[in-house]
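# Per-entry structural report
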Amino acid sequence: MARCAIDVSGVVQGVGFRPFVHGLAERFSLAGFVENGGGEVHIEVEGPSPAIEAFLFALAAGPGGSASVQEIRCRLEDPRGESGFVIRESRRGFPTRVVVPPDTATCDACLEELFEPADRRQSHPFITCTHCGPRATIITDLPYDRERTTMASFGMCPRCRAEYEASGDRRFHAQPIACPDCGPKLSLRGRRGELLRSADPIAEFSAAIACGSIGALKGIGGYHLLCDATNPTAVTRLRQRKQRDGKPFAVMVGDVRAAGMLGLLEDAAADLLESPARPVVLVPRLPGAPLAAAVAPGLDTIGLLLPYSPVHHLVLRCLGPVPVVVTSGNASEEPIASTEAEAFEQLGGIADVFLVHDRPIHLSMEDSVVRAVPGGAVPLRRSRGYAPLPVPIAFDAGVPTLAVGGDLKSVFALGAGRDAVLGPHLGDLSSLRAGERFRAAVRHFERLFGVRPARIVTDLHPDYAGTRYAEERLAREPDLDVVGVQHHHAHFASCLAEHSASGDVIGVCFDGTGFGTDGNAWGGEFFVGGFSRVDRAAHLSPVGLVGGDRAAREPFRLAAAHLVGAGLSPAPVLHLASLEPRLALSLERILASGDCPRTTSMGRLFDAVASLANVVHRASYEGEAAMRLETLAARRPPEAAYPVELSPGAPLVVDTASLVRAVVEDVRSGRDPSVVARRFHSWVVEMVVAVCTCLRDRHGLGRVALSGGVFANAILSDEIPRSLEDVGFIVLSHRVVPPNDGGLALGQLAVAAHGGGTPLRLRGNGAR
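Read on for an overview of the structure. Since this is a predicted model, take the numbers as computed values, not measurements.

### What to know about the sheet that holds strand 10 (residues 250-252)
- Read across the sheet, eleven strands follow the order 7-6-14-8-9-13-10-12-11-15-16 without closing on themselves; strand pairing throughout is mixed. The open sheet has two edge strands, strand 7 (195-196) and strand 16 (376-381), and neither has a second partner.
- The pairing of strand 6 (residues 186-189) with strand 7 spans two bridges and is antiparallel. Residue pairing in the sheet places R189 in a bridge with L195 of strand 7.
- Helix 9 (residues 310-319) rests against strand 6, strand 8 (215-218), strand 9 (223-228), strand 10, strand 13 (324-328) and strand 14 (353-357) of the sheet, and its axis sits at about 150° to strand 8.
- With respect to the sheet, helix 10 (residues 340-347) is in contact with strand 6, strand 8, strand 9 and strand 14, its orientation differing from that of strand 14 by roughly 170°.

### Digging into the state of the cysteines
- Per the counting criterion, the structure on display carries zero disulfides.
- No disulfide involves C74; its nearest neighbouring cysteine sulfur is the one of C4, lying 4.3 Å away.
- The thiol of C107 is unpaired, and the distance to the nearest cysteine sulfur, on C132, comes to 3.6 Å.

### A look at the sheet that holds strand 4 (residues 68-77)
- Spatial strand order, 4-1-3-2-5: five strands in an open sheet with mixed pairing. Of all the strands in the sheet, the pair left with one neighbour each is strand 4 and strand 5 (85-87). Strand-to-strand twist of the sheet, defined as the mean angle between neighbouring strand axes without regard to direction, takes the value 15°.
- As judged from the seven bridges shared by strand 2 (residues 31-37) and strand 3 (residues 40-47), these two strands associate in the antiparallel manner. Directly across from F33, in strand 3, lies its bridge partner E44.
- Relative to the sheet, helix 1 (residues 17-27) contacts strand 1 (2-11), strand 2, strand 3, strand 4 and strand 5, its axis offset from that of strand 5 by approximately 175°.
- Against the sheet, helix 2 (residues 49-61) touches strand 1, strand 3 and strand 4, its axis set at about 0° to strand 1.

Rules used in this analysis
Residues numbered from 1 in each chain as written. Predicted model: local features only at pLDDT ≥ 70, side-chain atom pairs only at ≥ 80, totals over all residues. Heavy atoms only, no water. Pairing = 2+ DSSP bridges. Helix = DSSP H or I, 4+ residues; strand = E, 2+ residues; numbered from the N terminus. Contact = heavy atoms within 4.5 Å. Axes fitted to C-alpha atoms, helices over the stretch in contact; angles between N-to-C directions. Disulfide = S-S within 2.5 Å.

Laid out in structure tokens, this is it:
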């Protein structure tokens, strides 16, 4: 006889792990107990040694599904002569490793019950079990038990209690368990929150959408706005009310078969659509797909997702084969609404009818977005379904650390030990409400994971919201260390951290703009180095950035700047942009004088080429010009690249003037904009290979890490790695965190852990 005490870490709470352990103990006739403790599971088993060995072997395999065993620690203890095996009440306290399970899509077993007329949970919009449903969005504290979730106020009825306590039941210790008798309730409401009498809220809500109305639905992580995706009037009305001129909408369909009627689905995309995370998956739109043009104006790509909550399934069943626009329920520049007060305030002027429930959302979560590419998937937004699963890191974070990320596509990270826990996507932090949401999420994660930061890592930009937050914390906690990490070094380091890369690597970092160490706006950068330090080895030639951040929405400004940089007159593009003569003259004078900030941005070069090719002069959303240019390029087979010219020296400078002159020559000769777009993309590919080859010759490095928002581009994320591999490079690309600013926090964390970055003294603790 023996007794073994076991601690298991990983995704082991909220995923049916204790019932799994209980079943194993009964299978091997072992006595003892299992309990949640902080973010781990503690087990003690007693019985014959061979039975314990068999138990441990089966335990390591885990129950499957969303569970994931990452570490098992065992120690022998003296037998106590116990009989029977029980699930104990959870104990408080924080272990060294806490893992909170993400929300996962409704499982097949629950779906079968949902649509089974004889089942007592038939059409129950909150059906769940130990294998599926909300987790991260409803957990208020650890250990994970019902009283520490937003289900605490819903007492179990006798039948649910019996299932909860039955060791052979699928809902054995399922904390969100409920049924129509004891669970949350739906209600139908009007624009001001007034209750609308309804015998069947889902049917009436769905009928309103079918008739062309806009609906607001409270989901798992926040509100969504819905309308019929085949109805041009409804989609246009949604755009007008939400003040979202051109940014594409995601479309929800019932299953993969329906998705295949709208988009081109490779196996990888289909697998992503059906995965428990249920992200929005970007795929090529099929010609003739029955969608309103306003769903994704000017683009050949569509974002598709499948239903992931019971209420989605019920709404889609009512609507039949109709695809539905599903977009974040928020006003322009505001975070997604997650409370009824926020919803009626922000969405009362947008939605015609609201489908609301009374289960609170503790942590709001946007939908995740991924793009299937050859060899995997590029995450573009890591949120519901993935967050807050930790990202394993091959280094120790050192002291407990909070990395605050960037201002756009905001994601923060907590580092302790060899885990980095990334928060959900929080979007643009420019509004007051977004700042409050950021602070609340940081407080929640610090409490949940038991991390009290001794160090905060920020971007070097002095006006980022994260920098101001660090100042606030420093004023209250003067012993905090604050470290600044250059924006593109953080991009580079995030890719290295994903791949556990050590030693020096060539880094290619292309994005919109980031604050450079020389005070200019960088964004077309080549580095040599690693976590602790980088050298700027090459960059695009700098041009004027007239208007600062405004230039991202007015590509004609970048086109004019690049024309001046190429020794050409900016007048033609300013005329095409229908610029008022006085403003055009002022812009020309500023560019001629050189009295403006400078940028090396690849993202802004995309904007410039889009304007030069007369594709987009004014963008209605961030990245529109680049996306429209990519769409045109994807319609053609590869074209001969524009000539690549490099200016020797250290750092190397990529001559964009010769590129611009070649683009202008094509445009003047009447070449189709799609030819210009394709030749430009080919230029980017060949330029990257040329620069990396030069740097390999100089530094003897054979690995290249690709990062930055430009690598969300499907053409570049496919052709650049293949072209680099063809000439012998090992290529590291993003597959875990986004290449855009959603991955910055991981890179900031990595740089600081390796002693890199710049110690900052902020206004909260003296002069900067």
